[in-house]
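# Overview (structure and organization)
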Amino acid sequence: MAASCVVLLALVLTLLLLVAWKRWRWGRAARHVIVVVLGDVGRSPRMQYHALSLAKCGFSVTFLGFCTSKPHDELLQSDRIQIVSLTEVQRLAVGPHILQYGVKVVFQAVHLLWKLMCRKPAAYIFLQNPPGLPAIAVCWFAGCLCGSKLVIDWHNYGYSIMGLVHGPGHPLVLLAKWYETLCGRLSHLNLCVTNAMREDLAENWGIKAVTVYDKPASFFKETPLDLQHQLFMKLSRTYSAFRACSEPSDSGMERSAFTERDAQSGTVTCLPGRPALLVSSTSWTEDEDFSILLAALEKFEQLINDGESLPPLVCVITGKGPLKEYYSRLICQKHFQHIQVCTPWLEAKDYPLLLGSADLGVCLHRSSSGLDLPMKVVDMFGCCLPVCAVNFQCLHELVKHEENGLVFEDSEELAAQLQMLFSKFPDPAGKLNQFCKNLRESEQLRWDESWKRTVLPLITDT
């Protein structure tokens, strides 16, 4: 026991000495910001956008997170952004579940605090929540020691996501809710993703937040036909759904499932009778039920078999996550004749190109709290891609039914929408084209401009 106290005292003294040295050596750097994600940097687009916007406005940025997936090239190429890898630890394989989780949280807390203390002191620490356990408390404590102001960017509530797995009454979920409610009030500034969340934070948490809607980055746009062809040919090397059904008779032609390129002139054209390209993206978690899409696809297949004038479909579902293997097995059990489904993980630079090449997006995100919005839909709209989205509480803040897409409740309604949108495809006078036209004419605000209007004044006036 005495030895443990000595070790603890030594750690505290070391930390205090490090704090004193840091304050003497650097002071607080007014133009330095630390961005923290207790998750994969490459799969945290909104925090990447924060980092890029900060860098463009003259701040130096240290980005702490797990380096599992490659982030956007723009982030890697910025000389104002340094990415610092956090160690991702898995739960213990033995012992009670709560003990496993507890050990993981303690390790993350100590490791994150050490990484923060080893960095140059920052004016602000931008933290993504969720996950906020133990990051909120650790970032607040580090901020107190180094004179940094904590900014929490509320994407959702962590306890509500845990509740999908364990149930809302589980002790871990109740503990997480208490922690999030208590520690969430420690921040200097709060950002959130919807007006509904802003109101909920104010009424039920006593937290005043500013709504910063997700907006598409500049690289989310319609993809020119020649770049579409390049992408399809690249993907065809790995995924059969992108390969041409037959080889061109002219050896000077290069063909994918959707496009054809004349090697001599370089001209790219869409293949007559090509399949429609349906895209969805997911983190394969409990808040997205892909059995809805699979059931709708089965109904769509039956309509084709019954003689309806509908195109064959290529359905691309991108992303990584814990339920991917489960749904991949379900997909393999389907015996589609007119529909091909593939589940790739795309490079960061290829994802916007795919969205800009697709005909329709599908979103199955049901918010665990009912208060956040799916960023995938924001990206799709940036590419002028209409969306069919499953309905939930605040979806109307993003998807305008019959204007930029359609909202559905179940697989029957989604199947009917697919039938209506793809009838006589490609139909220039059809509703799908009208939605695309509406999106082009909406002149959507992009992330950088929106960020300068909403976030920049908050960190320059305080």
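Identification of the protein as Chitobiosyldiphosphodolichol beta-mannosyltransferase from Neophocaena asiaeorientalis asiaeorientalis is taken from an unreviewed UniProt entry. Here is the UniProt Pathway (unreviewed entry) comment for the protein, exactly as written: "Protein modification; protein glycosylation."

With that settled, consider the overall build of the protein. For the protein, the count of helices and strands is 17 helices and 16 strands. In terms of overall size, the protein behaves like a compact globule, its C-alpha atoms giving a radius of gyration of 24 Å where 462 residues would be expected to give roughly 23 Å. Across the 462 residues in the protein, those meeting the buried criterion constitute 52%. Taking the contacts inside the protein whose residues are at least 6 apart along the sequence as the reference set, 70% of them involve residues at least 24 apart. Counting every atom, the protein has about 21300 Å² of accessible surface; 55% of that belongs to carbon and sulfur. Positive and negative charge centroids in the protein, built from 44 and 45 side chains respectively, lie 10 Å apart.

For the rest of this paragraph, the subject is the nonpolar core. Within the largest apolar cluster, 109 residues are counted, with the highest numbers of intra-cluster contacts made by L112 and F126. Among the domains, domain 1 (121–215 + 445–461) and domain 2 (276–441) are the pair contributing at least three residues each to this core. Setting aside chain neighbours within four positions, we find F126 in contact with V33, I34, V35, V36, M47, H50, V151, L191, V455 and I459. Counting 35 residues, the second largest nonpolar core, distinct from the first, contains L294, L360, F408 and L414.

Structurally, the protein comprises domain 1 (121–215 + 445–461) and domain 2 (276–441). Just the C-alpha atoms count here: the centres of domain 1 and domain 2 sit 30 Å apart. In this assembly, 17 residues from domain 1 lie in contact with 13 residues from domain 2. In total, about 1200 Å² of surface goes out of reach between domain 1 and domain 2, with carbon and sulfur atoms giving 60% of it. Taken together, the links from domain 1 to domain 2 amount to 0 salt bridges. Remark: the boundary between domain 1 and domain 2 carries 9 residue pairs in polar contact (both at pLDDT 80 or more).

To continue, consider the UniProt feature "domain: Glycosyl transferase family" (unreviewed entry) in the protein. Here the UniProt feature "domain: Glycosyl transferase family" (unreviewed entry) sits at residues 276–422. Across residues 276–422, helical content stands at 35% and strand content at 19%; the span's end C-alpha atoms are separated by 8 Å.

What follows is about helix α5 (residues 135–146). In this model, α5 (12 residues) spans 16 Å end to end at C-alpha, consistent with the 16 Å of a helix rising 1.5 Å per residue. For α5, the set of buried residues is A135, I136, V138, C139, A142, G143, L145 and C146. With its phi angle positive at about 80°, G147 sits one or two positions after the end of α5.

This brings us to the packing of helix α2 (residues 45–56) against helix α16 (residues 447–454). When two helices pack together, their arrangement is given by the angle between their axes and by how far apart the axes lie. Packing of α2 against α16 leaves a shortest axis separation of 10 Å and a crossing angle of 70°. The orientation of α2 with respect to α16, classified from their angle, is roughly perpendicular. Two secondary-structure elements touch here, α2 through R46, Y49, H50, S53, L54 and K56 and α16 through W447, D448 and W451. Tallied by class, residues from the contact of α2 with α16 come to 4 nonpolar, 2 polar and 3 charged.

A separate point is the packing of aromatic side chains. As enumerated under the stated definition, the model contains 18 aromatic pairs in all. Ring centres of Y157 and Y159 lie 6.0 Å apart, and the angle between their planes is 10°; on these two criteria the pair is classed as stacked. Overall, the relative accessible area of 1% leaves Y157 in the buried class. Geometrically, the ring pair formed by Y326 and Y327 is edge-to-face, given 5.0 Å between the ring centres and 75° between the ring planes. For Y326, a relative accessible area of 42% gives the class partly exposed. With a relative accessible area of 7%, Y327 lands in the buried category. Each member of the aromatic cluster is reached from another via a ring pair, and the members are Y49, F219, F220, Y351 and W447. Its guanidinium or amino end placed over the ring of F59, R31 lies 4.0 Å from that ring's centre, counting from NZ or CZ.

Strand pairing in a sheet relies on backbone hydrogen bonds, with the paired strands running either antiparallel or parallel. Strand order across the open sheet formed by 6 strands is β13-β12-β11-β14-β15-β16, with parallel pairing between neighbours. Among the strands making up the open sheet, the edge pair consists of β13 (339–342) and β16 (405–408). Sheet twist, expressed as the average angle between the axes of neighbouring strands with direction ignored, equals 20°. Note that strand β14 (residues 360–363) and strand β15 (residues 387–390) share 3 bridges and pair parallel. For G361, the partnering residue across the bridge sits in β15 and is V387.

Cut-offs applied
- Residues numbered from 1 in each chain as written.
- Predicted model: local features only at pLDDT ≥ 70, side-chain atom pairs only at ≥ 80, totals over all residues.
- Heavy atoms only, no water.
- UniProt positions renumbered as here; feature names shortened; annotations may be inferred.
- Helix = DSSP H or I, 4+ residues; strand = E, 2+ residues; numbered from the N terminus.
- Rg over C-alpha atoms; globule rule 2.2 N^0.38 Å.
- Buried < 20%, exposed > 50% of the residue type's maximum accessible area, 1.4 Å probe, protein only.
- Contact = heavy atoms within 4.5 Å.
- Areas by Shrake-Rupley, 256 points an atom, 1.4 Å probe, with all protein chains shown as cover.
- Lys, Arg positive; Asp, Glu negative; His and termini not counted.
- Charge placed at Lys NZ, Arg CZ, Asp CG, Glu CD.
- Core = buried A, V, L, I, M, F, W, Y, C linked by side-chain atoms within 4.5 Å.
- Domains from an automatic or database assignment.
- Buried area = accessible area lost by both parts, 1.4 Å probe.
- Salt bridge = Lys/Arg side-chain N within 4 Å of Asp/Glu carboxyl O.
- Polar contact = N/O pair within 3.5 Å; in protein donor to acceptor, adjacent residues only side chain to side chain.
- Expected span 1.5 Å × (residues − 1).
- Axes fitted to C-alpha atoms, helices over the stretch in contact; angles between N-to-C directions.
- Parallel < 35°, antiparallel > 145°, perpendicular 65-115°, else oblique.
- Nonpolar A, V, L, I, M, F, W, Y, C, P; charged D, E, K, R; others polar.
- Phe/Tyr/Trp six-rings, centres within 6.5 Å; stacked < 30°, edge-to-face > 60°.
- Lys NZ or Arg CZ within 6 Å of the ring centre and 35° of its normal.
- Pairing = 2+ DSSP bridges.

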